[in-house]
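Structural characterization, general
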Amino acid sequence: MSVPSAASVFTGLLLLQLHEIRDEVGEFAPKLLRTSIPQESIGSLIGPGGKTIRRLEEETGASIDIQEDGSVKIPESAVR
């Protein structure tokens, strides 16, 4: 018998609380924009010593999450 992952337990708990799955989240729920860039462009987004990404984060107040596969997540509130 395997132990369920934390994500599957969390999803199960959410489904118990919700009587139906919603297509949209609430007006005040935090939202993330997700995009993808080519892996060879990650260095350009980060910049030398992280200078570019730090500047973007300072200017927007957002925490920009970049993964090695090129996935980028940005809080929707930071997009103007």
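Residues numbered from 1 in each chain as written. Predicted model: local features only at pLDDT ≥ 70, side-chain atom pairs only at ≥ 80, totals over all residues. Heavy atoms only, no water.

**Examining the nonpolar core**
For soluble globular proteins, nonpolar side chains are generally found buried alongside one another. Residues Ile42, Ile53, Ala62, Ile64, Ile66 and Val72 constitute the largest nonpolar core, which totals six residues. Not counting residues within four places of it along the chain, the set of residues in contact with Ile53 comprises Leu45, Ile46, Ile64 and Ile66. (Core = buried A, V, L, I, M, F, W, Y, C linked by side-chain atoms within 4.5 Å. Buried < 20%, exposed > 50% of the residue type's maximum accessible area, 1.4 Å probe, protein only. Contact = heavy atoms within 4.5 Å.)

**A word on the environment of Val72**
Along the chain, Val72 turns up in strand β3 (residues 71–75). When the C-alpha atoms of Val72 and Thr35 are compared, they prove to be 5.3 Å apart, with 37 residues separating the residues in sequence. Dropping the residues within four chain positions of it, Val72 is found in contact with Leu33, Arg34, Thr35, Ile37, Leu45, Ile64, Asp65 and Ile66. (Helix = DSSP H or I, 4+ residues; strand = E, 2+ residues; numbered from the N terminus.)

**Focus on the pairing of β3**
In this sheet, β3 lies alongside strand β1 (residues 32–36) in antiparallel orientation, the contact comprising five bridges. Across the sheet, Leu33 pairs through a bridge with Ile74, a residue of β3. In terms of strand pairing, strand β2 (residues 65–66) meets β3 through two bridges, oriented antiparallel. Bridge pairing in β3 places Ile66 opposite Val72. (Pairing = 2+ DSSP bridges.)

**Digging into a nonpolar patch on the surface**
A cluster of nonpolar side chains, Val9, Leu13 and Leu16, forms an exposed patch at the surface whose accessible area comes to about 300 Å². By the secondary structure assignment, Leu16 is in helix α1 (residues 6–17). (Patch = residues over 30% accessible without salt bridge, like charges linked within 9 Å, V, L, I, M, F, W, Y side chains within 5 Å. Areas by Shrake-Rupley, 256 points an atom, 1.4 Å probe, with all protein chains shown as cover. Salt bridge = Lys/Arg side-chain N within 4 Å of Asp/Glu carboxyl O.)

**Details of the pattern of salt bridges**
Overall, the coordinates contain one salt bridge when judged by the stated rule. Salt-bridge contacts for Glu59 lead to Arg55; the nearest nitrogen and oxygen are separated by 3.6 Å. Separated by four residues within a single helix, Glu59 and Arg55 lie in helix α3 (residues 51–60), roughly one turn from each other. Since its relative accessible area comes to 43%, Arg55 is described here as partly exposed.

**Observations regarding the sheet that holds β1**
Taken in spatial order, the three strands line up as β1-β3-β2 in an open sheet, and their pairing is antiparallel. Looking at the sheet topology across the chains shown, the edges are occupied by β1 and β2.

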